[in-house]
Amino acid sequence: MIPYEKIGKVAYGGDYNPEQWPKEVWREDMELLSGAGIDTVTLNVFSWASLQPNETTYDFSRLDEIMEMVRENGMKVCLATSTGAHPAWMAKKYPDILRVDFEGRKRKFGARHNSCPNSPTYLKYSVLLAKKLAQRYRMYDNIVAWHVSNEYGGECYCENCEKAFRVWLREKYQTIDSLNEAWDTAFWGHTFYDWDEVVAPNMLSEHFEENRTTFQGISLDYRRFLSDSILNCYKKERDAIKEVIPDAAVTTNLMGAYKPLDYFRWAKEMDFVSWDNYPSNEAHYAQIAFNHDLMRGIGGGEPFALMEQTPSVTNWLPYNALKRPGVMRLLSYQAMAHGADTVMFFQMRRSVGACEKYHGAVIDHAGRADTRVYREVAKLGEELKSLGTRTLSMRTKSDIAILFDWDNWWGIEYSAGPSVDLRYLDECLRFYKALRCQNFNVDIVGVDTDLSGYKLAIAPVYYMVKGENDHLIRKFVKEGGAFLTTFFSGIVQENDLVTLFGYPGKLRDILGVWVEEEDALEKGVENEFIYRGKKYPAFLLCDLLHLEGAKEEDEGGYQKDFYKGMPAVTRNDFGNGQAYYLATASNEAFYSAFLADLCKKQGIEPVLETPAGVEATSRENENGRLIYVLNHNQQEAKVSLPAPMRDLITGEVYEGGKLVLGAKDVKILERI
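Residues numbered from 1 in each chain as written. Predicted model: local features only at pLDDT ≥ 70, side-chain atom pairs only at ≥ 80, totals over all residues. Heavy atoms only, no water.

Draft legend 1. Seen up close, the overall build of the protein chain. Regarding its fold elements, the protein chain presents 17 helices and 29 strands. A compact globule built from 672 residues would reach a C-alpha radius of gyration of about 26 Å, and the protein chain, at 26 Å, matches this within 12%. Taken along the three principal axes of its C-alpha coordinates, the protein chain extends 75 × 75 × 45 Å. Put simply, the protein chain has 672 residues, and 61% of those count as buried. At a minimum sequence separation of 6, the contacts of the protein chain that also span at least 24 residues come to 72%. Taking the 78 positively charged and 97 negatively charged side chains of the protein chain as two groups, their mean positions are separated by 4 Å. (Helix = DSSP H or I, 4+ residues; strand = E, 2+ residues; numbered from the N terminus. Rg over C-alpha atoms; globule rule 2.2 N^0.38 Å. Buried < 20%, exposed > 50% of the residue type's maximum accessible area, 1.4 Å probe, protein only. Contact = heavy atoms within 4.5 Å. Lys, Arg positive; Asp, Glu negative; His and termini not counted. Charge placed at Lys NZ, Arg CZ, Asp CG, Glu CD.)

Draft legend 2. Structural context of the pairing of strand E12 (residues 400-403). Both faces of E12 are covered, namely the face carrying Ile400 and Ile402 and the face carrying Ala401 and Leu403. Pairing of E12 with strand E14 (residues 456-459), which is carried by three bridges, proceeds in the parallel orientation. In the strand pairing of E14, Ala401 is matched with Ala457. Here three bridges tie E12 to strand E13 (residues 443-445), and the two strands are oriented parallel to one another. Looking at E13, one finds that Ile402 is bridged to Ile444. (Pairing = 2+ DSSP bridges.)

Draft legend 3. Spotlight on the nonpolar core. One finds Tyr137, Trp146, Trp266, Ile298, Tyr333, Phe404 and Phe594 to be the most contacted residues of the largest nonpolar core, which totals 178 residues. Cys158, Val198, Phe215 and Leu226 belong to the second-largest nonpolar core, a separate cluster that totals 25 residues. (Core = buried A, V, L, I, M, F, W, Y, C linked by side-chain atoms within 4.5 Å.)

Draft legend 4. Fine view of the packing of aromatic side chains. Inspection of every chain in the model, using the stated rule, returns 43 aromatic pairs. A centroid spacing of 4.9 Å and a plane angle of 20° characterise the contact between Phe187 and Trp188, whose relative ring orientation is stacked. Cluster of aromatic residues (ring-pair linked, three or more members): Phe102, Tyr157, Phe165, Trp168, Tyr173, Trp183, Phe192, Tyr222 and Phe225. Stacked on the ring of Tyr58, the Lys or Arg Lys132 has its end atom at 4.7 Å from the ring centre. (Phe/Tyr/Trp six-rings, centres within 6.5 Å; stacked < 30°, edge-to-face > 60°. Lys NZ or Arg CZ within 6 Å of the ring centre and 35° of its normal.)

Draft legend 5. View of the side chain of Asn114. Positionally, Asn114 belongs in the loop between helix H4 (88-93) and helix H5 (120-137). At 3.1 Å, the side chain of Asn114 and the backbone oxygen of Gly110 are in polar contact. Apart from the residues lying within four places of it in its own chain, the contact partners of Asn114 are Gly84, Ala85, His86, Ile97, Leu98, Arg99 and Phe109. (Polar contact = N/O pair within 3.5 Å; in protein donor to acceptor, adjacent residues only side chain to side chain.)

Draft legend 6. Spatial organisation of the packing of H5 against helix H8 (residues 216-244). For the pair H5 and H8, interaxial distance at closest approach is 8 Å and the crossing angle is 30°. One way to sum up the angle between H5 and H8 is to call them roughly parallel. Seen along the crossing, H5 lies across H8 with a hand that is right-handed. Residues Tyr122, Leu123, Ser126, Val127, Ala130, Lys131, Ala134 and Gln135 of H5 form the contact with H8, whose own contacting residues are Asn232, Cys233, Lys236, Glu237, Ala240, Ile241, Glu243 and Val244. Partitioning the contact of H5 with H8 into residue classes produces nine nonpolar, three polar and four charged. (Axes fitted to C-alpha atoms, helices over the stretch in contact; angles between N-to-C directions. Parallel < 35°, antiparallel > 145°, perpendicular 65-115°, else oblique. Left-handed = near helix turned anticlockwise from the far one by under 90°. Nonpolar A, V, L, I, M, F, W, Y, C, P; charged D, E, K, R; others polar.)

Draft legend 7. Representation of helix H13 (residues 406-414) in the model. Burial analysis of H13 places nine of its nine residues in the buried class, which makes it a mostly covered element. Every buried residue of H13 is accounted for by Trp406, Asp407, Asn408, Trp409, Trp410, Gly411, Ile412, Glu413 and Tyr414. Next to the buried residues of H13 lie strand E5 (207-209), strand E6 (212-213), H8, helix H9 (263-267), helix H10 (285-298) and helix H14 (424-436).

Draft legend 8. Main features of the sheet that holds strand E24 (residues 624-631). On the basis of which strands lie adjacent, the open sheet formed by five strands has the order E23-E24-E29-E26-E27 and antiparallel pairing. Two strands in the sheet have a free side with no partner beyond their single neighbour: strand E23 (614-621) and strand E27 (653-654). Both strand E26 (residues 645-647) and strand E29 (residues 666-671) contribute to a ladder of three bridges, which runs antiparallel. Across the sheet, Asp647 pairs through a bridge with Leu669, a residue of E29.

This is the structure:
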C-alpha cells in the first residue's frame, strides 16, 4: 500500500536534482515548488558519484543539506539509493562491473543501466550504499518511501552472467539430462554433457537476429534468468534498507509493458508498484490506459504510484512535441482513474546540460513562475489539494480480465514462425482497446490468477500454457464464465516444447476445436469472414480448424482460398459456461462488435455511455463509487448521465442528466 497517510492527499511532485545546481538556486526552487503545490520530491536518484568519490570515502554532506532544506519546507521525500549508474572510478578499478552487450562487446564506462547484475562489485557496493543511506536517514519522519535504483532494465552476456546462468539452470532442472530434454537438444546435435558447456545465447552463439534464435528454449530461459538476476539486485538493496528500517515502504519505478522484465514476479517483491508513464505523441488513450491497468494488475489490483511523467515535453522521441494545454492535467487524472494515488513528474527543475536538458520540468530554464507549464502544474496542485483523501485507496471493480504473461510474450516472439509480424502486445491491445473505447473496466491479470470473480476472461494468443494453468480456465468456464482465446494458442508447454496430439493442446477440450494448420498472410494480404451478416477482414494468421463439439458463431467462415467455408469464430458450451475461439486477426470494427455482443451475453455493463474519444472508468471503496470522465477530444463533448451527479473537482452539480466537457477536460463524478 502506498504510504499516502503521511501526506493526506494524492502525493504531488517528482524528481528533484539539486546536486546539479549551485546552492543559491535551492531556496528559489523551494519557493517555486511550494507555489505549484508540490508536496513530495524524489531525491538522490543519480548521486552515487558524489556520495562515494572513491572506494573508502562516503560524503553525505550535500545530501544532508538538501534533506534538511526539504524538511524545513514541509515536503515529503521519496529517497532513492542512487544505484542506477555506477561511478567512473568503479568501472576503472573493477571492470567486472561493465556489461557485455548482445553482440559480445565489452562496454566501457558511460550512459546508465551500465552495471552487470551479476557483478560481485556491483552487488557489494550497491547494497552497501543502500544500507548506509538507511542508517543515515532512518530518523527522518518525512521520508514516505524508498526508491531503489531507477528504471531497471538492459541485458548482459558477460562471463559472470554466463556462470550465474548455469547456477540458475542447475537449480531449475537439477540434472543435465533434464535440461537436455527441456531444450530438445537432440535437435542439431546440441546435447550438453556438463553444465559448463552451456553458454549465453546471443549473436556469438544461438541467435541469428535479436529476436530470432535457433534454440527458443535456451533463449527463453536466459530471458527469465536476466529478469531474475536484475530482480535480485533490487531485492538485495531492499533487504539492506529493511534491515535498518523494517517498516520502510520500498519500491522501484517500472516502465509499463516493458518486455525485458517479468513484472508479475517483480511486483511480489515490492511494497507498492510504481511506474513511469511516457506515452508517444501518437499514442491512443486506450494504449496509455492499458499500461496503467497492467501496473494495477501486477500489484493485485492495489493502487499504484505514478512515479514519473513529463509536465510538458520528452526529449528522446524523433519529434518531441509539446503537451498541448490541458493534456498534462488530462493524463494525470487518467492515471488516477486507473489506479494511481500519486501524480509525480520528471523533473522539478530543467537540467542545464546532457541529454535531458530539453526534457520538460515544472521549473523551466527561465526559472520563473509565469510560464504556461508552471501555471498548469500549479492549477492541478490546487485541485489535488482540494480533493484531499477523497480519491485515495479506491479499487477498480471489473467483470473482465485479460490474461497477460511475459513468458508468452518472450516465447511467441522467439518462435521460429509462423509470422514475423506476430506481436503479443499488439494482439492484447486489440482486445483491450475495443473494451476500453466502450468504457468497460478491465483488469489485466497473470495466467495463474483465480478467475472466479470475473464473468469474462480473455487470453489473446495463449501460446504457452504452463503447468496446470489450464485447470484454472477449465474450472472458470464450467462454473459459468466465458473464456475467449485466439489463433496460435495452446501450442507449447513452459519449456517451449510443442504439446503433442493436436492444437490447441491443453485447451482443446475446453474450446471444442482441433486446429490442423495455420496460414500466415503477408502484410497487405487478407482473407475475409462473416460475423452477424457483416463481412470483416482476416489477416496475419488464419487457423484451419475442425469442430469437435464447438459451434460456429459466424455465418459461413472464411470466404476465400482453399479453406473457404472453414470456421473463423467458434463457441463451445462447456459446463455452465462458454469458450470462444477467434481463428484469425481482424479490424477494430470486428473486435468492438464481437466484444460488445459477448459482454451483453454475460450481463456486463459499461461504466457509462459516451461519445467517441470520451473515456469513462470508475474506482470505489466502502465510501462509494467515483466515475472519472475524460474528454480526449480536441472539441467539447456531451455525455448523458444516468442520475444526478456532482463533480468533485469543481463542486458543480448535474441534475438534468447532461454533462458538457470542454476539450481535454476531466470530471470526477459521484452520485448524489
